[in-house]
Amino acid sequence: MSKNFTTIVVCDTEYETSGGEFNLRPGDLPVPLCLVAHVLNENLNHVRTIKIWRYQLLASKHPPFDVGPNTLFVAYSAQAELTIFEVLGWAFPIHVYDLHTAYLANSNILLPYEPDVKRVKQRKRLSDACRAYDIDGWENINKEQIAKDIGEGRWRDYGQPIVFEYCEEDVSKSAELLRRQIRGSNRFPRVDTDRVIFWSEYSAKAVARIQAKGIPIDMYIWELIQENRLAIIDALRRRFDPSYNDDEPIFDAEGSFSYARFEAWLVRSRIPFWPRLDSGQLDLDSDAFCLMSMFPGIEAIHALRDTLGFIAKARLPVGRDGRNRPSLFPFGTASGRNAHAKSIFNAHAGMRSLIVFSADKTGAYYDWRTQEVGIAAVESGDENLKRDYLTGDVYHAIAHRFGFTNDTDRIRWKATQVDMRNRMKILQLAVSYGQGVASLARGINRHPLIASGIIEQHKRTYSRFWDWRAEVIQQAMLKRRIETSHGWPLHISTSPNQRTLGNFKLQGGGAEMLRWATVQLCEAGIIPCMLIHDGILFEESDPEKLAHAREVMLKAGRDICDGFEIGVDVDQMLIGGARYRDKRPMAQKMWDTIMSVLEALGALPKRA
């Protein structure tokens, strides 16, 4: 590492997140139970051990070790430890090294494209990282069970000495993992420690602050939805499920989605194809549903699946202060994006109307305008794509270029030609997915000959983009590695999915932009409520902070894209206690249906 630290502190904390003497519930801020730290010297040799129990921690005003410029703070998934710092009101360490982020960077491997193989997602816990580095440990401890019991307030079943022993085992193995990462191992090369420290500004410090802040939720409405769950599920199924009256409906009375019944419905509905994963399974992510939304019923099924799963499972962790505190899981995807879970943003956009800010605060949701298209223009150096992006609506520019509209007023076109604009989104998505002529023809509702001509025209118009994409894939295959513009790596095994390689720099660049903006926002004292791929949710009482936040996002776009400006749109500006209302028609229909059911049942007064 470029900086020589005189002290390295390897730390782990145990804490309760539910139950226990504080009667916590999921979504509450954690309450610390104990802290163990090994203090190492500059040669990574052990100097001393620090052990502190709960009530001493709760009474402390600062950490029991130095956190200044000459100290490197080390932890696995360090956002957990720094959340405890946040709870205790301690100053954050100046320099943080997150072992988890370092492990993700080294183990981010794109496996071979094997459509017939069903893969199990690899876990990335401390014990998994240690095994990958040939570090033994926890032989006499059921690590998963004791962690669960401590988190749920049952630590007394073990007693203080056992809890300390368990916590110190984590610290000891974390220290050994640090040594292996810095020095290299048989399986992994030495990590770039400067990069890890840079990435940890986001994955540890910023994420800890955002997760602690949370999203304000209308708990009164959420509890009414839960109390009347079955009636709401039935009403939503009746309105949105095209298979509702079939012998084998896609959704059952409890709102559960059936993969097998959905696949059978696709056959019955004569939908001739569907995007598939490397495993051969149907791809059920949002992009796949968007690509197939030209078929009747698909958009409604997608909306229903995300809504019913959210209502039926009721896994929204909301603390007693009414705030949803999801897990962001930084660097959780291959492209370096977050893999957030248990968030209101994991549900369909219609459910975001549960978000309500207090009357004395302003809520704002800003998002980067067609972020991946802008990144593609810059990365490829395609001047035509740059010019079309800078018009302010690249979808209008494409429609105009390819003869779908003669309207030169992009604002009027966007307002009046919603269906056509969605088809242009499908066209752009189909390019990214590498879809063929037949699927594109259905997506844009044009004859295959026209679709074929559009693809050829797209290749001629944006020839530099297509050449660049082919070069990216070829170089990645040759080097067995690909990186984002700011260094997040993807290691490649044999026979990778080339679509993943072609999209990596676009999705990864978007992740870089979000991370860089978030770090700068937190340094400016503007802590977001939530991060959503290409958007950020804010809650502030000072309008100047919101204006500054937008400037930070614009600057992050320029920084990542070599001075090229990625636009930032104000999607929501919620003042005086206004409710979040997603602008998309399906989202509004979904929320209005739920409200109508509650009104019909007498749970809510009828709206005027």
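Refer to the structure above for everything that follows.
Conventions we followed
- Residues numbered from 1 in each chain as written.
- Predicted model: local features only at pLDDT ≥ 70, side-chain atom pairs only at ≥ 80, totals over all residues.
- Heavy atoms only, no water.
- Helix = DSSP H or I, 4+ residues; strand = E, 2+ residues; numbered from the N terminus.
- Expected span 1.5 Å × (residues − 1).
- Bend = angle between axes of the 7 residues up to and from the residue.
- Buried < 20%, exposed > 50% of the residue type's maximum accessible area, 1.4 Å probe, protein only.
- Pairing = 2+ DSSP bridges.
- Axes fitted to C-alpha atoms, helices over the stretch in contact; angles between N-to-C directions.
- Contact = heavy atoms within 4.5 Å.
- Salt bridge = Lys/Arg side-chain N within 4 Å of Asp/Glu carboxyl O.
- Polar contact = N/O pair within 3.5 Å; in protein donor to acceptor, adjacent residues only side chain to side chain.

Chemist: Could you give me a rundown of helix α21 (residues 498-523), with the residues and numbers involved?
Modeler: With 26 residues, α21 should cover 38 Å at 1.5 Å per step; its first-to-last C-alpha distance of 38 Å lies within 8% of that length. Residue F504 marks the point of greatest curvature in α21, where the axis turns by about 45°. In terms of burial, α21 is largely enclosed, as 20 of its 26 residues are buried. A positive phi of about 80° marks G525, the residue just after α21.

Chemist: Lay out the sheet that holds strand β4 (residues 71-75) in plain terms, naming residues and giving numbers.
Modeler: Backbone hydrogen bonds hold the strands of a sheet together, and the pairing may be parallel or antiparallel. Spatial strand order, β3-β2-β1-β4-β5: five strands in an open sheet with mixed pairing. What marks the edges here is a single partner per strand, and that holds for β3 (46-53) and β5 (95-98). Adjacent strand axes in the sheet meet at a mean angle of 25°, parallel and antiparallel pairs treated alike. Of the strand pairs in this sheet, strand β1 (residues 7-16) and strand β2 (residues 31-40) are connected by nine bridges, and their pairing is antiparallel. Within the sheet, the bridge partner assigned to Y15 lies in β2 and is P32. Sitting on the sheet, helix α3 (residues 99-107) touches β4 and β5, and the angle it makes with β5 is about 50°.

Chemist: Describe helix α15 (residues 394-401), listing the residues and the values that go with them.
Modeler: With six of eight residues buried, α15 is to be regarded as a mostly interior element. Those residues of α15 not exposed but buried are V394, Y395, H396, A397, I398 and A399. One or two steps after α15, the chain reaches G403, where phi turns positive at roughly 80°.

Chemist: An account of the pattern of salt bridges is needed here, citing residue identities and associated values.
Modeler: For the structure shown, the criterion picks out 42 salt bridges. Here R125 makes a salt bridge to E144, at a shortest N to O gap of 2.7 Å. Placement of R125 in the loop between β6 (109-110) and α4 (126-132) and of E144 in helix α5 (residues 143-151) is noted, with a sequence separation of 19 residues between them. Measuring nitrogen to oxygen at the nearest pair gives 2.5 Å for the salt bridge that ties D388 to R401. Of this pair, D388 sits in helix α14 (residues 383-390) while R401 sits in helix α15; the two residues are 13 residues apart in sequence, bridging distant segments of the chain. Residue classification places D388 among the buried residues on the basis of a relative accessible area of 7%.

Chemist: Outline the side chain of T71, supporting the account with residue identities and numerical values.
Modeler: Within the secondary structure, T71 sits in strand β4. Take T71: its relative accessible area is 3%, and that puts it in the buried class. Polar side-chain contacts of T71 include one of 2.6 Å to the side chain of D66. Excluding anything up to four places from it in sequence, T71 contacts F5, T7, V9, D66 and H95.

Chemist: Mind laying out the sheet that holds β6, listing which residues take part and the relevant values?
Modeler: Spatially, the three strands line up as an open sheet ordered β6-β11-β10, and their pairing is mixed. On the outer flanks of this sheet lie β6 and β10 (481-483), each paired with one strand and no other. Here two bridges tie β6 to strand β11 (residues 489-492), and the two strands are oriented parallel to one another. Residue pairing across strands places I109 opposite H491, the latter belonging to β11. Strands in contact with α21 are β6, β10 and β11; relative to β10, the strand with the most contacts, it is inclined by about 25°.

Chemist: Lay out the environment of F402 with the relevant residues and their values.
Modeler: Locating F402 in the fold gives a position in the loop between α15 and α16 (410-416). In the structure, F402 is positioned 155 residues away from D247 in sequence and 44 Å away in space, judged by C-alpha atoms. If we skip the residues at most four places from it in the chain, F402 touches L427, I454, Q457, H458, T461 and Y462.

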